[in-house]
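Listed below are the residues making up each chain.
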Amino acid sequence: LEENLNWRVWGYDLSKVAVDLMARDPRFDSARAIGGVWDISQDDTPPPVVGVADVVTLLFCLSAIAPDKMRTAARNVAATLKPGGVLVFRDYGRYDEAQLKLGVSRAKRLGDNFYVKSDGTRCFYFTIQHLQQLLAEEAGLEVLEIKYVRRVYQNRAKDEQRRRVWVQGRFRKPL
């Protein structure tokens, strides 16, 4: 936004607290940026903007939604894109180290690849195939790129490694 004065940005979150924090940021320009609360998983809550976005980012968001609501969420987000608009996606991938740790406790398992973390947030772990079905087949987007991102992080102080797996993709709304 600071470098391109022609851009307009819409930012939505489930949390009013997050939206209020964004609006209080000194860089927030209400003439060029709009923030609001929106639960993308609800059928009865239409997208606040339809067919206007060139780019939508969905970063570590879909994983917190119950699997039976993901189809609605994917369709709602896709509806915000204009023809040719691109959805940029990154979320947790199957067999991420966090999933393997959560999987040890039956009490944390809510369903297939769906868990509750110690802070109460929920987390689903995606495969490429599931994401492709959800965003391409269900939401009608074209797959531009979809892949696993694997990283190993070293904590030297604790002499531990963490193996992370994410699913990343770009999807386009047909012209």
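Residues numbered from 1 in each chain as written. Predicted model: local features only at pLDDT ≥ 70, side-chain atom pairs only at ≥ 80, totals over all residues. Heavy atoms only, no water.

Q: Which residues make up the layout of surface pockets, and what values do they have?
A: Of the pockets and cavities examined, the largest pocket occupies roughly 1,200 Å³. Contributing to the lining of the largest pocket are 33 residues, with Trp10, Gly11, Tyr12, Val56 and Thr57 lying nearest its centre. Mapped onto the lining of the largest pocket, the elements with two or more residues apiece are strand S1 (9-13), helix H1 (16-24), strand S3 (53-59) and helix H2 (70-80). Among the elements that take part in the lining of the largest pocket, S3 stands out by supplying seven residues, more than any other. Its residues assigned to classes, the lining of the largest pocket comprises 23 nonpolar, four polar and six charged. (1 Å grid on protein atoms, 1.4 Å probe; cavity = no way out; pocket = protein on both sides within 12 Å on 5 of 7 lines; lining within 4 Å. Points joined across faces, edges and corners; volume = space filled by probe spheres on them. Helix = DSSP H or I, 4+ residues; strand = E, 2+ residues; numbered from the N terminus. Nonpolar A, V, L, I, M, F, W, Y, C, P; charged D, E, K, R; others polar.)

Q: An account of a nonpolar patch on the surface is requested, with residue identities and associated values reported.
A: Among the surface-exposed residues, Trp10, Ile34 and Val52 lie close enough to one another that they form a single nonpolar patch of about 210 Å² accessible area. Note that Val52 resides in the loop between strand S2 (33-37) and S3. Here Val52 falls in the partly exposed class, since its relative accessible area comes to 34%. (Patch = residues over 30% accessible without salt bridge, like charges linked within 9 Å, V, L, I, M, F, W, Y side chains within 5 Å. Areas by Shrake-Rupley, 256 points an atom, 1.4 Å probe, with all protein chains shown as cover. Salt bridge = Lys/Arg side-chain N within 4 Å of Asp/Glu carboxyl O. Buried < 20%, exposed > 50% of the residue type's maximum accessible area, 1.4 Å probe, protein only.)

Q: How would you explain the sheet that holds strand S6 (residues 114-116) if you had to name every residue and give the values?
A: Read from one edge to the other, the open sheet built from three strands follows the order S5-S6-S7, with strand pairing classed as antiparallel. What marks the edges here is a single partner per strand, and that holds for strand S5 (109-111) and strand S7 (122-124). Going across the sheet, the axis of each strand differs from the next one's by a mean of 30 degrees, ignoring polarity. (Pairing = 2+ DSSP bridges. Axes fitted to C-alpha atoms, helices over the stretch in contact; angles between N-to-C directions.)

Q: Now, about the sheet that holds strand S8 (residues 142-155): what can you tell me, with residues and values included?
A: Here four strands make up an open sheet; going across it, the order is S3-S4-S9-S8 and the pairing mixed. Both edges of this open sheet fall to S3 and S8, since each of them pairs with a single strand only. Strand after strand, the sheet turns through a mean of 15 degrees between neighbouring axes, direction not considered. One ladder, built from six bridges, connects S3 with strand S4 (residues 81-92); its direction is parallel. Counted as the bridge partner of Val56 is Leu87 from S4.

Q: Kindly report on the side chain of Glu138, identifying the contributing residues and their values.
A: Here Glu138 is to be found in helix H4 (residues 128-138). Among the polar contacts made by the side chain of Glu138, one reaches the side chain of Arg71 at a distance of 2.8 Å. Excluding its chain neighbours within four sequence positions, the residues that come into contact with Glu138 are Arg71, Arg75 and Gln133. (Polar contact = N/O pair within 3.5 Å; in protein donor to acceptor, adjacent residues only side chain to side chain. Contact = heavy atoms within 4.5 Å.)

Q: I'd like a description of the nonpolar core, backed by residues and values.
A: Leu62, Leu87, Phe89, Phe126, Leu131 and Phe171 are the most contacted members of the largest nonpolar core, which totals 28 residues. Elements with a minimum of two residues in this core: S3, H2, S4, H4 and strand S9 (160-172). If sequence neighbours within four positions are ignored, Leu87 has contacts with Val56, Leu58, Val77, Leu81, Leu135, Leu141, Gly169, Arg170 and Phe171. (Core = buried A, V, L, I, M, F, W, Y, C linked by side-chain atoms within 4.5 Å.)

Q: Describe the packing of aromatic side chains, listing the residues and the values that go with them.
A: If you walk through the whole model with that rule in mind, you get eight aromatic pairs. With a centroid separation of 6.0 Å and 80 degrees between ring planes, the pair formed by Tyr12 and Trp38 is classed as edge-to-face. With Tyr12 in strand S1 and Trp38 in the loop between S2 and S3, the pair connects residues that are 26 residues apart, well separated along the chain. We classify Tyr12 as partly exposed; its relative accessible area is 28%. For Trp38, a relative accessible area of 8% puts it in the buried group. Through pairs of rings, three or more aromatic residues link up here, namely Phe60, Tyr92, Tyr115 and Tyr125. (Phe/Tyr/Trp six-rings, centres within 6.5 Å; stacked < 30°, edge-to-face > 60°.)

Q: With reference to specific residues and values, describe the pattern of salt bridges.
A: Scanning all chains against the criterion turns up twelve salt bridges. Residue Asp25 is joined to Arg27 by a salt bridge in which the shortest nitrogen-to-oxygen separation is 2.9 Å. Between Glu145 and Lys147 there is a salt bridge, and its shortest N-O distance comes to 3.5 Å. Residue class for Glu145 comes out partly exposed when judged on its relative accessible area of 26%. Taken together, the shared-partner salt bridges connect Arg71, Arg75 and Glu138 into one network.

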